[in-house]
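Structure at a glance
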Number of protein chains: 2
Amino acid sequence: MKSRVEKVFANLPAKPDVVLLANSVDPHIDLSFFYLFDVPSGLFEGSVAVARPDGALDVTSSPLEAESAELAAKHDPHVAVHVVGRGETAQAVQKLIPASATVGLNFRELTHDWYVKLTEMLPNAKFVDASIGLQRARLTKEPAEIERIRAAAKIGSKVATEIPSMLKAGRSELELAAEMEYRMNQLGASGRSFATIVGFGPHSAEPHYQPDKTKLRPGDSIVCDFGAWHRRYACDITRSFHFGPRDPEMKAVHDCVEAAQNAALTALRPGVPGKEVHAAAQAVIDASRWKGRFTHGLGHSLGLAVHDGSGGLAPNVDDPLEVGMVVTVEPGIYLPGKGGVRIEDDVVVTKTGYEFLTTAPRGYLEVPA
Amino acid sequence: MKSRVEKVFANLPAKPDVVLLANSVDPHIDLSFFYLFDVPSGLFEGSVAVARPDGALDVTSSPLEAESAELAAKHDPHVAVHVVGRGETAQAVQKLIPASATVGLNFRELTHDWYVKLTEMLPNAKFVDASIGLQRARLTKEPAEIERIRAAAKIGSKVATEIPSMLKAGRSELELAAEMEYRMNQLGASGRSFATIVGFGPHSAEPHYQPDKTKLRPGDSIVCDFGAWHRRYACDITRSFHFGPRDPEMKAVHDCVEAAQNAALTALRPGVPGKEVHAAAQAVIDASRWKGRFTHGLGHSLGLAVHDGSGGLAPNVDDPLEVGMVVTVEPGIYLPGKGGVRIEDDVVVTKTGYEFLTTAPRGYLEVPA
C-alpha cells in the first residue's frame, strides 16, 4: 500500500518538489497535518509538515508537544520530528526546503498570513496549490481510517438509540445536548465533532439551529444532529423524533424523508456522480406535497473534518463516487414555524454499493409524553 | 461608545475603503466575523462580512442560517443580511464592493484559497492586511464582552472547585474529562472551549497532554486545564491537585508556581509590556531549584478565541497591557517522568491592576486517596 504522502503526490497532476503544510493558531489548524502525521495527542499550533515524493515527512513541533510527536514518529520510519523553539520556524523551513524549490501548499487550509510569511522565508521558491492532491487522497479512506470513523459512528449510534429514554417534558434543548455529549464521552469519544444540534418544535425546522433553554413540550417534533470524534475522525448522525400525541402530518413527513434516504442509498455506488444521489432523494421529496422543503445538500464527505473536502452528495458535485469514500446521507423536510425531520447516516462506498457505519434505528419514533 | 466596526477602522493605520471577512469551511471560520456580527447561533460557513468606515456592516448568510442571521440583525440597525444561495457569493461580493476599492482582509484568519478567489472576484481591487486592526479592536474588551467571559469563567470555576469530589482511584483521565465537560454544559456552557486536558502522574508534566484511559492512582499529581464557551466567548482555567499521600517535592513545586503567579499578578497593570509580566513569574521559578522547568509563555489573550491574538504575557510581547484586555496567567513547572503543576487564571486588566474572572481556590489541594 502507498504511504499517505505518496498518495498525495500521486493525486497531484503537476508534482511539486515538496508539499508543505503549516498550522496557525487554533482553530486555524490544517487537518491534513494529521492525515500525514498520525499523532494521537496534541494541537500543533505553528507546526509545519514537509512531505517529499519518496514518502519522507518532516514535522516541526514546539517543545510543548515534543514528547507526543516523538512517540508517534517512532511508529513510522518515514517521519522525522524537529523540535523548534519560539521564533525558530523560519530557520527550520529554510533548512528543510531547497531555496528554489517548487512548494505545494494546501491553499484551502493555509492562512493567507502564513502564505505571505512563506514567500518571505523562501523568496526564490515557487508556490503552487496542492490542495487538490490532499483532498483527493483524503477523500478515499484506507481501512484504518474507516475503522476510526466506524468507531466514532458506533458511539454516535449508541447515543442516538438512547435518546428516546432521555426525553422528558420540561427538559431543555441544552440539557438534552449536554446529556448526549456526556454519554458519547463516556463511551470513549474524545469530544463532540461539532456543536450538537437539538431543536424542539419549530426549532427543528432550522437545519443549523443551536440549542437554547427551550423546554420540551408534548406535540413537539425533535431533531438531534450530532457526532463524536474518535482518534481525530468524526461521525455525524441525525435522528428525528416526535414527542407525545401523533401528528399525522409530521408522521407523513418522516415517511417521506425515509423514502428519500432509501432512494438515495439505492442510487449510491461507485461511478455515480454525487449530484445524482442528491437528485434521487430530491425527486422523492419534490414529488410529495413538500416540494421545495428540502433546502440543503444531501450529504458531505466525512473524515478528519466533519465537512471533509468538496466531495459529497450535493447538486454541484460532478465527481463520481469511489470505493472508500465516506459520506453522510441526510435528506430533510422543514416546515417553518412547525417542525422538521432529518435522517442522517454515514456510509462508506463499497464495490457493490455502500455499507452503513451508523447503525441506529431509522424508523419513525413517537415517544410518549 | 464606538461601534465595533468603527473600532476596527480606528485601529487601522491606513484606512481601506472596506474591511472584508470571509469564512471557509469549519474549522476555518474567521472568529472576527462574530466580533462584528453578534449572532448567537449558526456556523456561517462560506459567509462574508463587509464593514465600512461609517459603521455599516453587510453580511451574507446561506438560506440555512438566514433565520438566525435576520433575527440578530434586528438588534443592530447597522447590519444588513443578504441571503445568498449556493454559487451566488461572487455576485454578492461584487455588488457590495466597488470594483477598484481598497479592501482590508484579515490575513491571519482568511484561507489563502479565499484570497485567490477574491483576487478573481475583484480583479481591480487592492487588497491590504487589516488583521492588525481587527486584532487590536478585539484585544481590549467592551464591558459586554467581559461579562460573557466572566460568565464562562464562573462556569469553569464552579467545575474546578468540584474536581476534588470527582477524584477516585481507578477513574480514568477520559472519564474525569467527560464529567467536567458535562458539568460545564449543565451549568449553561455551549461546550468546551478547547480539548480538556486531564493528566495523571507523569502525564501532568506534559503541558499539551490529551487524556487517555490512564487510571488515577494514589500518589499521582493531577493537572486539569479546561474551559467553557458562553455566548461565543471562552474561559480557560487550570488547577493542579495531588491525590493521596503528600509528596513533599510536589507540594514545594506547587508553592513555587503559586508564588510565580502572585509575582506576575503583582506586576500586571496597564502600561506594562506583556514580557515583563512573564519575566516576573519566570524569575521566581528560575530562582528555585526548578530553574528552566517553566517551558511555555505565561499567558495569552482570551476572548472569541482561546488564543485570542498576539497579545498576552509571553517573552516576545513588547506591547503594553491596556485596560480591558483579558489574559490568562498560567505559570507551571514540569518534571518529566514525575509530574507537573500549573495554575491558570483569567484576569481583566483594570485601571489599577487587574481583576480575577476565574474564582476557584488556588491553594495546594491534597485529595485523600
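Refer to the preceding data block for the structure.
Computed from a prediction, not measured in an experiment: that's the story for all the values here. (Residues numbered from 1 in each chain as written. Chains lettered and ligands numbered in written order. Predicted model: local features only at pLDDT ≥ 70, side-chain atom pairs only at ≥ 80, totals over all residues. Heavy atoms only, no water.)

Things to note about the overall build of chain A
- When helices and strands are tallied, chain A shows 10 helices and 17 strands.
- In terms of overall dimensions, chain A is globule-like: its C-alpha atoms have a radius of gyration of 22 Å, near the 21 Å expected for 369 residues.
- C-alpha atoms of chain A, sized along the principal axes, occupy 70 × 40 × 35 Å.
- Counting every position in chain A, which comprises 369 residues, the buried fraction comes to 61%.
- In chain A, of all internal contacts separated by at least 6 residues, the share reaching a separation of at least 24 is 67%.
- Entry remark: accessible area of chain A is about 13800 Å², with carbon and sulfur atoms responsible for 54%.
- For chain A, the separation between the mean place of its 39 positive charges and that of its 46 negative charges on side chains is 3 Å. (Helix = DSSP H or I, 4+ residues; strand = E, 2+ residues; numbered from the N terminus. Rg over C-alpha atoms; globule rule 2.2 N^0.38 Å. Buried < 20%, exposed > 50% of the residue type's maximum accessible area, 1.4 Å probe, protein only. Contact = heavy atoms within 4.5 Å. Areas by Shrake-Rupley, 256 points an atom, 1.4 Å probe, with all protein chains shown as cover. Lys, Arg positive; Asp, Glu negative; His and termini not counted. Charge placed at Lys NZ, Arg CZ, Asp CG, Glu CD.)

Observations regarding the sheet that holds strand E6 (residues 126–129) of chain B
All names here are of chain B.
- Within the open sheet, the six strands sit side by side as E4-E3-E2-E1-E5-E6. Their pairing is mixed. The open sheet has two free edges, formed respectively by strand E4 (79–83) and E6, since each of these has just one partner strand. When strand polarity is set aside, the average angle formed by the axes of neighbouring strands in this sheet is 25°.
- Judged from the four bridges that link them, strand E5 (residues 102–105) and E6 form a sheet pairing that is parallel. Across the sheet, Thr102 pairs through a bridge with Lys126, a residue of E6.
- Set on the sheet, helix H3 (residues 66–74) makes contact with strand E3 (57–61) and E4; between it and E4 the angle comes to about 165°. (Pairing = 2+ DSSP bridges. Axes fitted to C-alpha atoms, helices over the stretch in contact; angles between N-to-C directions.)

Brief notes about the interface of chain B and chain A
- Contacts between the two partners involve 48 residues from chain B, matched on the other side by 48 residues from chain A.
- Counting the surface lost from both chain B and chain A, the interface buries some 4200 Å², and carbon and sulfur atoms represent 53% of this.
- Looking only at chain B, the three residues that lose the most surface to chain A are B:Leu64, B:His112 and B:His208, adding up to 17% of its buried area.
- In this structure, the connection of chain B to chain A is made through zero salt bridges.
- The tally of links between chain B and chain A comes to 25 residue pairs in polar contact (both at pLDDT 80 or more).
- If you list the elements that add at least two residues to the side of chain B that touches chain A, you get H3, helix H5 (112–121) and helix H8 (173–186) of chain B.
- Broken down by element, the side of chain B that touches chain A gets its largest block of residues, six residues, from H8(B). (Buried area = accessible area lost by both parts, 1.4 Å probe. Salt bridge = Lys/Arg side-chain N within 4 Å of Asp/Glu carboxyl O. Polar contact = N/O pair within 3.5 Å; in protein donor to acceptor, adjacent residues only side chain to side chain.)

Some points on the packing of aromatic side chains
- A complete count under the given rule lists 17 aromatic pairs over all chains for this structure.
- Aromatic side chains A:Tyr354 and A:Phe356 sit 5.6 Å apart centroid to centroid with 90° between the ring planes, which places their arrangement in the edge-to-face category.
- A residue is classified by how much of its surface remains accessible, and A:Tyr354, at 31% relative accessible area, is partly exposed.
- Both rings, one in B:Phe33 and one in B:Phe34, keep their centres 5.2 Å apart while their planes meet at 80°; by these two values the pair is edge-to-face.
- Residue B:Phe33 is classed as buried on the basis of its relative accessible area, which comes to 0%.
- Residue B:Phe34 is classed as buried on the basis of its relative accessible area, which comes to 6%.
- An aromatic cluster is defined as three or more aromatic residues linked by ring pairs; in this entry it consists of A:Phe33, A:Phe34, A:Phe37 and A:Phe44.
- Above the plane of the ring of A:Phe34 lies A:Arg232, whose end atom (NZ or CZ) is 3.7 Å from the centre.
- Sitting over the ring of B:Trp114, B:Lys117 keeps its end group 5.8 Å from the ring centre. (Phe/Tyr/Trp six-rings, centres within 6.5 Å; stacked < 30°, edge-to-face > 60°. Lys NZ or Arg CZ within 6 Å of the ring centre and 35° of its normal.)

Comments concerning unusual backbone geometry
- Of note, the amide linkage connecting A:Asp26 to A:Pro27 takes the cis form, showing an omega dihedral of 5°.
- One can find A:Pro27 in the loop between strand E1 (18–22) and helix H2 (32–36).
- Positioned with a positive phi, A:Arg231 is a non-glycine residue whose angle comes to about 45°.
- Taking relative accessible area as the criterion, A:Arg231 reaches 48% and is therefore assigned partly exposed.
- Phi angles above zero are rare outside glycine, and B:Phe44 is one such case at about 60°.
- Tracing the backbone through its elements, the reader meets B:Phe44 in the loop between helix H2 (32–36) and strand E2 (48–51).
- Classification of B:Phe44 by relative accessible area gives buried; the value is 0%.

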